[in-house]
Amino acid sequence: MAGKNLRSPAKVAVIHTSPDKVIQDIGKVMRLAEYENHLPKECETLLKINISWQHYYPGCSTTPWQLDGVIQTLLQDGYKDLIPAHNGTVVVDPIEGAFNNRHTAVENLHNLHPIYLDIPPTEWVDYKPAGNMLVLDDVYPDGIKIPACFAGKNIIHLPTVKTHVFTTMTGAMKNAFGGLLHRRRHWTHSVIHETLVDLLQIQKELHTGIFAVMDGTLAGDGPGPRAMRWHEKNVLIASADQVAIDAVAAKMMGLDPMELKFIQLADDLGLGVGRIKDIEIVGEDIALVNWNFSVSENTFASKGQKLIYWGPLKPIERFLLRSFLAPLAFFASNLYHNEYWLRFVGRKRIKAAMDTGWGKLFK
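Owing to the predicted nature of the structure, the values given are computational and were not obtained by experimental measurement.

What counts, and where the lines are drawn
- Residues numbered from 1 in each chain as written.
- Predicted model: local features only at pLDDT ≥ 70, side-chain atom pairs only at ≥ 80, totals over all residues.
- Heavy atoms only, no water.
- Helix = DSSP H or I, 4+ residues; strand = E, 2+ residues; numbered from the N terminus.
- Rg over C-alpha atoms; globule rule 2.2 N^0.38 Å.
- Buried < 20%, exposed > 50% of the residue type's maximum accessible area, 1.4 Å probe, protein only.
- Areas by Shrake-Rupley, 256 points an atom, 1.4 Å probe, with all protein chains shown as cover.
- Lys, Arg positive; Asp, Glu negative; His and termini not counted.
- Charge placed at Lys NZ, Arg CZ, Asp CG, Glu CD.
- Axes fitted to C-alpha atoms, helices over the stretch in contact; angles between N-to-C directions.
- Parallel < 35°, antiparallel > 145°, perpendicular 65-115°, else oblique.
- Left-handed = near helix turned anticlockwise from the far one by under 90°.
- Contact = heavy atoms within 4.5 Å.
- Nonpolar A, V, L, I, M, F, W, Y, C, P; charged D, E, K, R; others polar.
- Phe/Tyr/Trp six-rings, centres within 6.5 Å; stacked < 30°, edge-to-face > 60°.
- Pairing = 2+ DSSP bridges.
- Polar contact = N/O pair within 3.5 Å; in protein donor to acceptor, adjacent residues only side chain to side chain.
- pLDDT = per-residue confidence, 0-100.
- Salt bridge = Lys/Arg side-chain N within 4 Å of Asp/Glu carboxyl O.

Quick notes on the overall build of the protein
The helix and strand tally for the protein stands at 13 helices and 12 strands. Taken against the 2.2 N^0.38 rule, which gives 21 Å for 363 residues, the C-alpha radius of gyration of the protein at 19 Å falls within 12% of a compact globule. C-alpha extents for the protein along the principal axes are approximately 50 × 50 × 45 Å. For the protein, with 363 residues in total, the buried portion stands at 59%. Just so you have it, the protein exposes about 15000 Å², and 55% of that area is on carbon and sulfur atoms. Between the averaged position of the 38 positive side-chain charges in the protein and that of its 38 negative side-chain charges there is a distance of 5 Å.

Okay, structure coming up:
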């Protein structure tokens, strides 16, 4: 089992790709990052899909070619027991999201049977971490619960390259947020950086191997993970080091990884490597890459949330988010994103994306 907080050499693979060869390139980037050294073939392998919205929006959720390419690579290399894993949120329907983002089509193509982590019969069990937690013990005084099916399995995270209103950028470490915490995960937003570090610690205790394949074909900047501007970047990134892959993606966005609290904390605790100078980057040379992504923007919804998590409404956070009032916040988020932003802003951007090679591949 993984679980020792011993810093190991970090290797991150970065390659450019195109719609006509992305499936082969996913295999290439995985093998460049030596994924087989980190995922025992005798173990079942979870494919942790990222659904940030039940609607399709470029750069927002795991792409169908990302999922398809990873599955094909694993099957070619002798991995047999593959389990796609979806999670919902208080504002995202995972079954609808899997269908609209073409994940269901890919799973059916390979005759794989997905699990939906927030929907029965998935069982959630109490978990006592072996390592010290930064915040989760305090957030959940009645105990931390995790999916029973996660223990003793490999996991491959399938995030996209995008910005995030709470964590500046989101990637492999944030992808565990949806899988390892139940629907009360929004209780952790005020301590989100520490939460991601705690979850990485738990993953290292739970899983037989951890890997990530990040899709930057259409990357997103602005007030992510939903209300973003998409950019055609044609990049794939892979690594067994969840901290290092996020650091490399952050660097490409134009950020200093060690200024991101969750990366800095994880690096300090030896859970991964966050300093670019200490990461072996293979494939493409990214030394001069800087996409100058915007990370300071907010939506109307996120402005309100930040008032609760870190602003003047902080004293009544528990009342607002853990009482009968909480569904009002979920309703407001859905109203803003689904009825206003998607209708008047997002659909025009989706239509433009459909004219690219990636849009044609999606269709």
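Some words on the packing of helix 1 (residues 22-32) against helix 2 (residues 64-76)
Close contact between helix 1 and helix 2 brings their axes to 8 Å; oriented N to C, the two are set at 60 degrees. The orientation of helix 1 with respect to helix 2, classified from their angle, is oblique. Like other packed secondary-structure pairs, helix 1 and helix 2 cross with a definite hand, here right-handed. Facing Val22, Ile23, Ile26, Gly27, Met30 and Arg31 of helix 1, the residues of helix 2 in contact are Trp65, Gln66, Asp68, Gly69, Val70, Gln72, Thr73, Leu74 and Gln76. When its residues are assigned to classes, the contact of helix 1 with helix 2 shows seven nonpolar, six polar and two charged.

Side note on the packing of aromatic side chains
Summed over the entire model, instances satisfying the criterion amount to 14 aromatic pairs. Measuring from ring centre to ring centre gives 5.9 Å for Phe166 and Trp310, while their planes differ by 75 degrees; the resulting arrangement is edge-to-face. A residue pair is termed long-range when its members are at least 10 positions apart, and Phe166 in the loop between strand 8 (160-164) and strand 9 (168-170) and Trp310 in the loop between helix 10 (300-309) and helix 11 (317-321) qualify at 144 residues. Residue Trp310 is classed as partly exposed on the basis of its relative accessible area, which comes to 42%. Relative to Phe344, the ring of Tyr340 lies with its centre 5.7 Å away and its plane at 40 degrees, an arrangement referred to as tilted. Of this pair, Tyr340 and Phe344 are both found in helix 12 (residues 326-353), four residues apart, which corresponds to roughly one turn of the helix. The exposure class of Tyr340 is partly exposed, given its relative accessible area of 41%.

Section: the environment of Leu32
Here Leu32 shows up in helix 1. For Leu32, a relative accessible area of 31% puts it in the partly exposed group. Setting aside anything within four residues of it in sequence, one finds Leu32 in contact with Lys11, Ala13, Ile15, Val282 and Gly283.

What to know about the pairing of strand 7 (residues 154-158)
Of all five residues in strand 7, five are buried; the element is thus mostly enclosed. Where strand 7 lies against strand 10 (residues 209-221), four bridges are found, and the strand directions are parallel. Bridging from a neighbouring strand, Asn154 pairs with Gly209 of strand 10.

Some thoughts on the pairing of strand 8
For strand 8, the buried fraction is high: five of the five residues fall into the buried class. Burial of the side chains of strand 8 extends over both faces: Thr160, Lys162 and His164 are buried on one face and Val161 and Thr163 on the other. Note that strand 8 and strand 9 share three bridges and pair antiparallel. When the sheet's bridge partners are listed, Lys162 is paired in strand 9 with Thr170.

Thoughts on the environment of Gly179
Looking at the element boundaries, Gly179 is found in helix 6 (residues 172-180). Note: C-alpha distance between Gly179 and Gly357 (178 residues apart in sequence) is 31 Å. Look past the residues within four positions of Gly179 in its chain and what remains in contact with it is Lys48, Asn87, Leu117, Trp124, Pro147 and Phe150.

Concerning the side chain of Glu317
If you trace the backbone, Glu317 turns up in helix 11. For Glu317, a relative accessible area of 11% corresponds to the buried category. In terms of polar contacts, Glu317 uses its side chain to reach the side chain of Lys314, at 2.6 Å. Setting aside anything within four residues of it in sequence, one finds Glu317 in contact with Trp187, Ser190, Ile308, Tyr309 and Arg322.

Regarding the confidence of the model for the protein
The predicted model of the protein averages 93 in pLDDT, with 97% of residues at 70 or higher. Within the model, pLDDT remains below 50 along residues 1-6, and this stretch shows 18 contacts once partners closer than five positions in the same chain are excluded.

Some remarks on the pattern of salt bridges
Following the criterion strictly, the structure yields 15 salt bridges and no others. Here Arg229 makes a salt bridge to Asp221, at a shortest N to O gap of 3.3 Å. A residue is classified by how much of its surface remains accessible, and Asp221, at 5% relative accessible area, is buried. By sharing partners, the salt bridges in this structure join Lys11, Glu34 and Glu280 into a single network.

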